[in-house]
Structure formats: structure tokens, C-alpha cells
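So the chains spell out like this:
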Amino acid sequence: MSKALVLCYSFEGFTLQMANFIKEALQIEVIEIKPLNELKTKGFYKYIWGGRQVVLKKKPELSPLDVDFDLYDTIFIGSPIWAGTYAPPIRTLLEDGMLKGKKIAYFYTHEGGASKAASRAKQTIEIHNKFIGSLSILNKVALLDQNKDEIIAWSKSMLEV
Ligand SMILES: Cc1cc2nc3c(=O)[nH]c(=O)nc-3n(C[C@H](O)[C@H](O)[C@H](O)COP(=O)(O)O)c2cc1C
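Throughout what follows, the structure given in this document is the object of discussion.

Parameters at a glance
Residues numbered from 1 in each chain as written. Predicted model: local features only at pLDDT ≥ 70, side-chain atom pairs only at ≥ 80, totals over all residues. Heavy atoms only, no water. Helix = DSSP H or I, 4+ residues; strand = E, 2+ residues; numbered from the N terminus. Rg over C-alpha atoms; globule rule 2.2 N^0.38 Å. Buried < 20%, exposed > 50% of the residue type's maximum accessible area, 1.4 Å probe, protein only. Contact = heavy atoms within 4.5 Å. Areas by Shrake-Rupley, 256 points an atom, 1.4 Å probe, with all protein chains shown as cover. Lys, Arg positive; Asp, Glu negative; His and termini not counted. Charge placed at Lys NZ, Arg CZ, Asp CG, Glu CD. Pairing = 2+ DSSP bridges. Phe/Tyr/Trp six-rings, centres within 6.5 Å; stacked < 30°, edge-to-face > 60°. Arc of directions from axis to C-beta. Right-handed = clockwise from strand over helix to strand, strands pointing away.

### Remarks on the overall build of the chain
Alright, step 1. If you tally the helices and strands in the chain, you get five helices and six strands.
Alright, step 2. Going from the N terminus to the C terminus, the chain shows its helices and strands as β-α-β-α-β-β-α-β-α-β-α.
Alright, step 3. At 15 Å, the chain has a C-alpha radius of gyration in line with the 15 Å of a compact globule built from 161 residues.
Alright, step 4. Viewed in the frame of its principal axes, the chain has a C-alpha envelope of about 45 × 35 × 25 Å.
Alright, step 5. A total of 161 residues make up the chain; the buried ones form 50% of that total.
Alright, step 6. Considering only intrachain contacts with a sequence separation of at least 6, the fraction spanning at least 24 residues in the chain is 80%.
Alright, step 7. Accessible surface for the chain amounts to roughly 8300 Å². Of this, 51% is attributable to carbon and sulfur atoms.
Alright, step 8. Charged side chains in the chain number 21 positive and 18 negative. The centres of these two groups are separated by 7 Å.

Here it is as C-alpha cells:
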């Protein structure tokens, strides 16, 4: 079986919650990716600030990650959807070659506006790595149990790829 790890960016905690379901199901580690300069407000301004970063294809500098990627062959990457795609810290992670030659399983959380999210991520993942699958998760409190079952089943299936 593959040796796997979860890397997750989460601005408001929902994607991290999904990451923790994978952690629990597969007994693997979750490492949070954090930009050095994170926005402090969770108010409406976040949409302007975040949307701008996406449109400008910003690659924020990340806090150092204390992990030896050589130990892993499958990496689950989790992101919220911002302006229709992965959040900027994921761009830094995928474009700057921190991960190379890995099998990447991508999960993303959103509020219903993510129709092109998987194909956009696949394109970026495949610069340096192999895309093995994705899972779209709707952010709705009422769906949490359903989300949990779905993400556990999906994460187990990704280890068979
Ligand atoms: C800057 C910003 C942009 C967003 N853009 C979208 C979007 O384009 N489509 C969508 O469905 N949700 C969008 N959302 C909502 C988040 O994707 C959703 O709430 C997500 O589950 C949050 O995950 P988190 O709690 O891990 O940060 C946006 C949220 C933020 C803060």
C-alpha cells in the first residue's frame, strides 16, 4: 500500500475538517499549509483580497514545512475554492516544485461555484506530479455526515490507484 500524507490549506476551517476525516480513516498525518502573510479578517473583505490573489495568480510565500516528502508517494491535497479554483497557497505548493513525481489526490470544498475546479487543478498538478483523482465537497453544515462518508470512501479508493 502507498505511504500517504495530507497537505491542506484552509482559511476558515472547513477543508481542514475534511482533511481530518481522511487522517482518521487512513491513520495518516495532516500538515497544514500556511502563507506567511495570512489575511486577518474573515469579513467581506476576504472575497476582494482572496479573489485578487487568484486573478493575479499570486504565489504567497509559505511558512516552512517540516516534512520529508521523499517518504511519501501519494499526497492528498485539500483546498477551498476561491474564485473558481484552488487557493493561492496551493499554487505555490504545486508550481514551485516542492512536490515532484507524486501521485496527487485533490479534494476541494466550495459553496456551489466550482464547476471547473477539478480540471484547473489537474492542469497545475500535472506540471510536476501525477493527478490520480479529485473529490468535490459542498460546504453545508447539514451535509457533514454525508461528506464524511464520501471523503472516507474516496480517500481509501485513492490508495488503490
Ligand atoms: C476569497 C474567497 C473566494 C471564494 N470563492 C468561491 C467560489 O468561487 N466558489 C465557491 O463555490 N465558493 C467560494 N468561496 C467559498 C469557499 O470555497 C468555501 O466556503 C470553502 O468551503 C471554505 O473552506 P475553508 O473553510 O477551508 O477555508 C470563496 C471563499 C473565499 C474566502
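What follows picks up the thread again.
### Remarks on the pairing of strand S3 (residues 74-82)
Alright, step 1. Judged by how many residues are buried, S3 sits mostly within the fold: nine of nine residues are covered.
Alright, step 2. Across seven bridges, the pairing between S3 and strand S5 (residues 103-110) is parallel. By the bridge assignment, Thr74 is partnered in S5 with Lys103.
Alright, step 3. Two elements, S3 and strand S4 (residues 85-86), share two bridges in a ladder whose sense is antiparallel.

### Points about the environment of Thr41
Alright, step 1. In this structure, Thr41 sits in the loop between strand S2 (30-32) and helix H2 (45-55).
Alright, step 2. Not counting the four nearest positions on each side in its chain, Thr41 is found in contact with Phe11 and Lys46.

### Section: the packing of aromatic side chains
Alright, step 1. For the coordinates displayed, the defined rule picks out eight aromatic pairs.
Alright, step 2. When the centroid spacing of 5.8 Å and the interplanar angle of 90° are considered together, the rings of Phe11 and Trp82 count as edge-to-face. Taken as a pair, Phe11 in the loop between strand S1 (4-8) and helix H1 (14-26) and Trp82 in strand S3 lie far apart in primary sequence, 71 residues in all.
Alright, step 3. Accessibility expressed as a relative area gives 8% for Phe11, which makes it buried.
Alright, step 4. Among the residues examined, Trp82 registers a relative accessible area of 14% and is labelled buried.
Alright, step 5. Both rings, one in Tyr106 and one in Tyr108, keep their centres 5.2 Å apart while their planes meet at 20°; by these two values the pair is stacked.

### Some words on H2
Alright, step 1. Those residues of H2 not exposed but buried are Lys46, Trp49, Gly50, Gln53 and Val54. One face of H2 carries all of its buried residues, which in axial projection span an arc of 135°. Along H2, exposed side chains directed more than 90 degrees from the buried face belong to Arg52 and Val55.
Alright, step 2. For H2, the elements touching its buried residues are S3, S4 and helix H3 (88-95).
Alright, step 3. Lys57, located one to two residues past H2, shows a positive phi value of around 50°.

### Here we look at the pairing of S5
Alright, step 1. Counting buried residues along S5, seven of its eight residues qualify, which places the element largely inside the surrounding structure.
Alright, step 2. With eight bridges connecting them, S5 and strand S6 (residues 130-138) associate as parallel partners. Among the inter-strand pairings, Lys103 is bridged to a residue of S6, identified as Lys130.
Alright, step 3. On the question of chirality, the crossover connecting S5 to the parallel S6 by way of helix H4 (residues 117-125) is right-handed.

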